[in-house]
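For reference, the chains in residue letters:
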Amino acid sequence: MTVFFIGAGPGDPELITVKGQKLVHRCPVILYAGSLVPPAVLAGNVAERVVNTADLNLDEIIALLAEAHAKGQDVARVHSGDPSLFGAIGEQIRRLRALDIPFEIVPGVTATAACAATLGVELTLPDVSQTLILTRYARKTSMPEGEALGDLARHRATMAIHLGVRHLASIVDELVPHYGADCPVAVVYRASWPDEERVVGTLGDICGKVQGTQIERTALILVGRVLDAEGFSDSSLYAKAARPVE
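The rules behind these values
- Residues numbered from 1 in each chain as written.
- Predicted model: local features only at pLDDT ≥ 70, side-chain atom pairs only at ≥ 80, totals over all residues.
- Heavy atoms only, no water.
- 1 Å grid on protein atoms, 1.4 Å probe; cavity = no way out; pocket = protein on both sides within 12 Å on 5 of 7 lines; lining within 4 Å.
- Points joined across faces, edges and corners; volume = space filled by probe spheres on them.
- Nonpolar A, V, L, I, M, F, W, Y, C, P; charged D, E, K, R; others polar.
- Helix = DSSP H or I, 4+ residues; strand = E, 2+ residues; numbered from the N terminus.
- UniProt positions renumbered as here; feature names shortened; annotations may be inferred.
- Buried < 20%, exposed > 50% of the residue type's maximum accessible area, 1.4 Å probe, protein only.
- Contact = heavy atoms within 4.5 Å.
- Salt bridge = Lys/Arg side-chain N within 4 Å of Asp/Glu carboxyl O.
- Core = buried A, V, L, I, M, F, W, Y, C linked by side-chain atoms within 4.5 Å.
- Polar contact = N/O pair within 3.5 Å; in protein donor to acceptor, adjacent residues only side chain to side chain.
- Axes fitted to C-alpha atoms, helices over the stretch in contact; angles between N-to-C directions.
- Parallel < 35°, antiparallel > 145°, perpendicular 65-115°, else oblique.
- Left-handed = near helix turned anticlockwise from the far one by under 90°.

A separate point is the layout of surface pockets. Reported here for the largest pocket is a volume of approximately 1,400 Å³. Among the residues making up the lining of the largest pocket, the classes are represented as 20 nonpolar, 14 polar and 10 charged. Around the second largest pocket, the lining residues are Val165, Arg166, Leu168, Ala169, Cys207, Val210, Gln211, Thr213, Gln214, Ile215 and Glu216. For the lining of the second largest pocket, the secondary-structure elements that each account for two or more residues are α6 (168-179) and α7 (206-211). Looking at the lining of the second largest pocket element by element, the count peaks at three residues for α7. Split by residue class, the lining of the second largest pocket holds six nonpolar, three polar and two charged.

See below:
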């Protein structure tokens, strides 16, 4: 058997990959993160066991995977977004390796990609930013040395910040010295879901704009000049080739 860590995408059930959907349809056991994965992602499955792991701890989840392994049953372990980004699969993989249980990671569409899509922007533009930093705000778990927002902001690259909207004011305070108060920012709540909500502004006014909404969690913060850039160079990808010298 194999445990398949499947990225279900950001919310829209049509954004799961073809491979991920095929595995959901055929695996006899499905464990899914019900707080972030909509039930529609599981539509069409023929599993004999489907478990919402939202209220389970790590030991309980591993016990279910070990039970399926003993029965020779493949497991679709469905996570939101891409499981390799803030998906908490590292601790599961460590335990599976100790138990000699095979696993495979099936990538998914990230929340960052869904936010860029709904905002209609490219996150890497010539002359503006060729780097994208994906990070989170330090809350229960501290950040490694050198990865505080202020340290990362010195690059002035496009930044996607997870798990931080409740601390937006503190985030703004750390970013303004590096990006400037006029730097564009967007807060996107539940990107690609039917109740998606987005707020755009600058580091100078975004806190006030978000206060007028119900956004408290499940939101991504995008920061960077790419969000409203106009005067950037065309890329060389589609440039006309220079005529050969005769």
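Another point: the UniProt feature "domain: Tetrapyrrole methylase" (unreviewed entry) in the protein. Per the UniProt record, "domain: Tetrapyrrole methylase" (unreviewed entry) is annotated on residues 2-206. In the segment residues 2-206, helix accounts for 29% and strand for 21%; the C-alpha atoms at its two ends are 45 Å apart.

Here we take up the environment of alanine 113. If you trace the backbone, alanine 113 turns up in helix α4 (residues 111-119). Overall, the relative accessible area of 38% leaves alanine 113 in the partly exposed class. For the pair alanine 113 and glycine 231, spaced 118 residues apart in sequence, the C-alpha separation works out to 23 Å.

Right, let's get into the environment of proline 102. Position of proline 102 among the secondary structure elements: in the loop between α3 (90-98) and β5 (103-106). For the pair proline 102 and arginine 198, spaced 96 residues apart in the sequence, the C-alpha separation amounts to 40 Å. When near neighbours in sequence (up to four residues on either side) are disregarded, proline 102 contacts Met1, Thr2, Val3 and His69.

Moving on, we get to the pattern of salt bridges. One pass over the structure, following the stated rule, counts nine salt bridges. The residue aspartate 151 makes a salt bridge to arginine 154 at a minimum N-O spacing of 2.6 Å. With relative accessibility at 52%, the residue arginine 154 sits in the exposed group. Residues joined in a network through salt bridges with shared partners are Arg49, Glu67 and Lys71.

Met159, Leu175, Val187 and Val223 are the most contacted members of the largest nonpolar core, which totals 26 residues. Contributing elements (two or more residues each) for this core: α5 (149-153), β7 (158-162), α6, β8 (184-189), α7 and β10 (219-223). Of all the elements, α6 adds the most residues to this core, at five residues. When neighbours within four sequence positions are excluded, valine 223 is seen to be in contact with Ala157, Thr158, Met159, Ile161, Leu175, Tyr179, Cys183, Pro184, Val185 and Leu203. Counting 17 residues, the second-largest nonpolar core is a separate cluster that includes Phe4, Ile30, Val41 and Val78.

Among the structural elements, threonine 53 can be located in the loop between β3 (49-52) and α2 (58-71). The class for threonine 53 is buried, based on a relative accessible area of 6%. Side chain to side chain, threonine 53 and arginine 77 meet in a polar contact 3.2 Å long. Filtering out sequence-adjacent residues up to four positions away, threonine 53 remains in contact with Leu31, Tyr32, Ala33, Ile61 and Arg77.

So, on to the side chain of glutamine 73. Inspection of the secondary structure assignment puts glutamine 73 in the loop between α2 and β4 (75-79). At 2.9 Å, the side chain of glutamine 73 and the side chain of glutamate 48 are in polar contact. Glutamine 73 has contacts with Met1, Pro28, Val29, Glu48 and Ala68, leaving out every residue within four places of it along the chain.

Contact geometry for α2 and α3: axes closest at 11 Å, N-to-C directions at 50 degrees. Classified by the interaxial angle, the pair formed by α2 and α3 is oblique. Regarding α2 and α3, the two cross each other, and that crossing is right-handed. Taken together, the residues of α3 that come into contact with α2 (itself represented by Leu58, Asp59, Ile61, Ile62 and Leu65) are Glu91, Gln92, Arg95 and Leu96. A breakdown of the residues in the contact of α2 with α3 according to their chemical character gives five nonpolar, one polar and three charged.

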